Amino acid sequence: MQLQEAVQLIQAKFVAETQDKAEGPEIDAYHAAFEKYPVIMEVATYCWSDQIVQQNYEMRKQQAAQQGGAGGDGPPLGSV
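Residues numbered from 1 in each chain as written. Predicted model: local features only at pLDDT ≥ 70, side-chain atom pairs only at ≥ 80, totals over all residues. Heavy atoms only, no water.

Engineer: Would you mind showing me how to read unusual backbone geometry here?
Structural biologist: Negative phi is the rule for most residues except glycine; trans is the rule for most peptide bonds. Positive phi is not limited to glycine here, since D20 has a value of about 60°. The class for D20 is exposed, based on a relative accessible area of 73%. (Buried < 20%, exposed > 50% of the residue type's maximum accessible area, 1.4 Å probe, protein only.)

Engineer: What is the right way to look at a nonpolar patch on the surface in this model?
Structural biologist: On the surface, a nonpolar cluster with roughly 250 Å² of combined accessible area is contributed by L3, V39 and V43. With respect to the helices and strands, L3 occurs in helix α1 (residues 3–18). Residue class for L3 comes out partly exposed when judged on its relative accessible area of 37%. (Patch = residues over 30% accessible without salt bridge, like charges linked within 9 Å, V, L, I, M, F, W, Y side chains within 5 Å. Areas by Shrake-Rupley, 256 points an atom, 1.4 Å probe, with all protein chains shown as cover. Salt bridge = Lys/Arg side-chain N within 4 Å of Asp/Glu carboxyl O. Helix = DSSP H or I, 4+ residues; strand = E, 2+ residues; numbered from the N terminus.)

Engineer: Would you mind showing me how to read the packing of α1 against helix α2 (residues 25–36) here?
Structural biologist: Angle between the axes and distance between the axes: these two values describe a pair of packed helices. Running from N to C, α1 and α2 cross one another at 140°; their axes reach a closest spacing of 9 Å. With respect to their mutual orientation, α1 and α2 come out oblique. Crossing hand, α1 versus α2: left-handed. On α2, the residues that touch L9, I10, A12, K13 and A16 of α1 are E26, I27, A29, Y30, H31 and A33. (Axes fitted to C-alpha atoms, helices over the stretch in contact; angles between N-to-C directions. Parallel < 35°, antiparallel > 145°, perpendicular 65-115°, else oblique. Left-handed = near helix turned anticlockwise from the far one by under 90°. Contact = heavy atoms within 4.5 Å.)

Structural measurements only, silent on function.
So this is what it looks like as structure tokens:
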């Protein structure tokens, strides 16, 4: 299994879960891949989650720039 294929399985499972689907081909494929390739699936999960974090960071950065808050005097984006 290639890493990109594993990431696609994770994305498909995420979409299915956001639609409240607990069963289906996406879920079955994810579980089968996780049983057969646990390390690749763990790495793919990390890679996918990092992509989501980076996308959210960039989106918030763009929103701040559009609102005129890109000065840098405030707390860093993502801080609570």
